[in-house]
Amino acid sequence: MDDPLLILDGLHKSFGGVAAVRGVSTTLARGEIRGLIGPNGSGKTTLLNLVGGQTRPDRGWVVLAGRSLEGQPPDAIAARGVARTFQLPRVFRHMTVLENLLVVVCADHRRAGWVEARRDAEALLRLVHLDGLAHAEARTLSGGQAMLLQLARCLAQRPLVLCLLDEPFAGVHPGIKERMVQAIHETNRAHGVTFLVVSHEMPTLRRLAGRVSVMHNGAWIADGPLDAVARDPRVIEAYLGRPGPGHGPEEGRAPGRAADGHSGQPRDPA
Amino acid sequence: MDPTLLTQYVLAGLVIGGIYCLMAVGITFIYSVMKMINWAMGEFYMIGGYVQYVLITAWLGPQRWALALPLAVLTVAALGMLVQRLLLQPMFAGQLERLDEYATIVTISLTVLFRNLAVVLFGPYQFSPRDYAPPVQLGPLPINGSRVVAFLGAAVLLGLFALVVRRTWLGLALRSVAQNRLGALAAGINLSRIDMLAFGIGVGLAGAAGALLAPVFLVYPESGALSTVKGFEIIVIGGLGSLPGSIVGGFLLGLVESLGSVLISPSFRDVYGFGLLLLLLALRPTGLWGEQAREA
């Protein structure tokens, strides 16, 4: 259990002339819940896409449980136990909530009986308190409920070792957010599933994630417990911009620190 | 107007409408799953007719047409899967959504290829197998037996299709891909495989229509042209992407053609559908069940 579940090694991805992810290397331990924060456009979603196979890296490797994911399409990566959610809920709008969960069972790599699959799906719906809506069409759900359904579908995948959640809490009602947190905790605790959660919601992340990583301009700039990370001058600079001359002495150290990091480039106005 | 005669024409319209449904459902299904329009649908219809004709005349004999039907459907479906695998899939490698214009160019090229292959292999002649069944007496009215067989065959196939789509794992996977390709992919669905199957099933339905109608209309290289046009008429009437729309549109077109023939003139049989189409476009541009806008 000592070897990490996920190793990112020198991942790099450019779109046209814009480097969305530049040289990210990190590891995720098995059973870890890791938060990933960073200003808009810092490359968090691209990073999830690189792990999930939605995007291919220009350079670098993704290694899951000791085996490279290089060149594998998303469905093959899903078969290895990687599930993900998207910023805009990608639910199947004209299916019932229950069918939305059963879909993952149609994937090539898993052939379960109807009965077993249905039992699993119903258990999951109870876990996220959507069981009352099992037979409602997904298009009738609220935005938050759709996000919750998307999370449940992600949790329904088997095998499941790593969940990549992209802004699961954005614009979600606090009650639903609470159910999400509980479902994530429960899945993590019961099955040892690892989570990488992109979010801007610090209070929610604080409850979930032992460690938080920060991206800025495509680079991985900090790692650590949320409170420590939040005090890191590079992180403060990433969020608030370069401190001007009017700032106090503490913040004044930030530009010097940033210059030896990766984010020394001038900000691209685009 | 004689009510008996009217009934007969209504029945004839419904019978042919059932066959139109097969074409329209095939087109809609391929569009829904792959987000592309298969312009060569009529050519798969034509091939279905030829396969059926060859099976009956050269191998199985005219009595065993019922055995030839599923074989013809499977042959066309297999050909469709091959075409999808070899010609359509490589174009879109690495892209999630099908690019309409590529699919249009490839499938229109296929119509030319298939028509000319038919001329090369069988000449420009018109073939017709013997009627599948003697005329059926429906109350006081005799109906051409092959048409009845064609209608029943279409009904069985559409029922089977509905069963697969609504009640099986494959159907669930097909529907998920139709509703959200990226979501289905992330959930572990193999899109290339589903696309191949969907294309095979879709053109298989067209092949079935061709095989079922072989004795009614003739089998010749251009036989698919009109059926493609009719398929698209129905799609526009019923609404693009709507399977119920395809069914209702198919029957509606059959009825309008049949009643137009008897009430106005049989010479303009193929025009009445366009009249309905124009009327519907003026009143309800999205079709009966069409989507208001494409979901991104």
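Everything here concerns the structure above.
Residues numbered from 1 in each chain as written. Chains lettered and ligands numbered in written order. Predicted model: local features only at pLDDT ≥ 70, side-chain atom pairs only at ≥ 80, totals over all residues. Heavy atoms only, no water.

*Asks:* For this particular structure, what's the right way to read the pattern of salt bridges?
*Replies:* Opposite charge on two side chains lets them pair, provided their charged atoms get close. Residue and element names in this part refer to chain A. Under the criterion given, the structure shown has 20 salt bridges over all chains. Across the salt bridge formed by Asp-58 and Lys-13, the nearest N and O atoms sit 3.6 Å from each other. Highlighted residues: Asp-58 in the loop between helix H1 (44-52) and strand S4 (59-64) and Lys-13 in strand S1 (residues 6-15), separated in sequence by 45 residues. Here Lys-13 falls in the buried class, since its relative accessible area comes to 12%. Salt bridges here are not isolated pairs; linked through shared partners, they connect Glu-32, Arg-34, Arg-211 and Asp-223. (Salt bridge = Lys/Arg side-chain N within 4 Å of Asp/Glu carboxyl O. Helix = DSSP H or I, 4+ residues; strand = E, 2+ residues; numbered from the N terminus. Buried < 20%, exposed > 50% of the residue type's maximum accessible area, 1.4 Å probe, protein only.)

*Asks:* Before we go on, may I ask you to explain the interface of chain A and chain B in this structure?
*Replies:* Accessible area lost upon the coming together of the parts serves often as the stated size of an interface. Listed per partner, the contact involves 28 residues of chain A and 20 residues of chain B. With both sides pooled, the region where chain A packs onto chain B buries about 2200 Å², and carbon together with sulfur makes up 62% of that total. With a closest N to O distance of 3.2 Å, Glu-99 of chain A and Arg-175 of chain B form a salt bridge. Summed over the shared surface of chain A and chain B, the result is five residue pairs in polar contact (both at pLDDT 80 or more). Listed by contribution, the elements that provide at least two residues to the side of chain A that touches chain B are helix H2 (74-79), helix H3 (97-102) and helix H4 (114-127) of chain A. Here the side of chain A that touches chain B takes three residues from H2 of chain A, the largest share from any one element. Across the side of chain A that touches chain B, the residue classes tally to 15 nonpolar, five polar and eight charged. (Contact = heavy atoms within 4.5 Å. Buried area = accessible area lost by both parts, 1.4 Å probe. Polar contact = N/O pair within 3.5 Å; in protein donor to acceptor, adjacent residues only side chain to side chain. Nonpolar A, V, L, I, M, F, W, Y, C, P; charged D, E, K, R; others polar.)

*Asks:* Sorry if this is basic, but what is going on with the packing of helix H2 (residues 41-60) of chain B against helix H3 (residues 65-88) of chain B here?
*Replies:* Helix-helix packing is described using two parameters, namely the angle between the two axes and the distance between the axes. All names here are of chain B. The contact between H2 and H3 brings their axes to 9 Å, and the two run at 135°. Considering the angle they form, H2 stands oblique to H3. The element H2 and its partner H3 pack so that their crossing is right-handed. Across from Phe-44, Ile-47, Gly-48, Val-51, Gln-52, Leu-55, Ile-56, Trp-59 and Leu-60 in H2, the residues of H3 making contact are Trp-65, Leu-67, Ala-68, Leu-69, Leu-71, Ala-72, Thr-75, Val-76, Leu-79, Gly-80 and Val-83. Residues that form the contact of H2 with H3 fall into these classes: 16 nonpolar, four polar and no charged. (Axes fitted to C-alpha atoms, helices over the stretch in contact; angles between N-to-C directions. Parallel < 35°, antiparallel > 145°, perpendicular 65-115°, else oblique. Left-handed = near helix turned anticlockwise from the far one by under 90°.)

*Asks:* Would you mind showing me how to read the packing of aromatic side chains here?
*Replies:* Aromatic ring pairs are reported here in terms of the distance separating the ring centres and the angle at which the planes meet. All names here are of chain B. A complete count under the given rule lists nine aromatic pairs over all chains for this structure. Ring centres of Trp-65 and Tyr-132 lie 4.7 Å apart, and the angle between their planes is 20°; on these two criteria the pair is classed as stacked. A residue pair is termed long-range when its members are at least 10 positions apart, and Trp-65 in helix H3 and Tyr-132 in the loop between helix H4 (100-122) and strand S1 (136-138) qualify at 67 residues. On the basis of relative accessible area, Trp-65 is assigned to the buried category, the value being 19%. By relative accessible area, Tyr-132 is classed as buried at 6%. (Phe/Tyr/Trp six-rings, centres within 6.5 Å; stacked < 30°, edge-to-face > 60°.)

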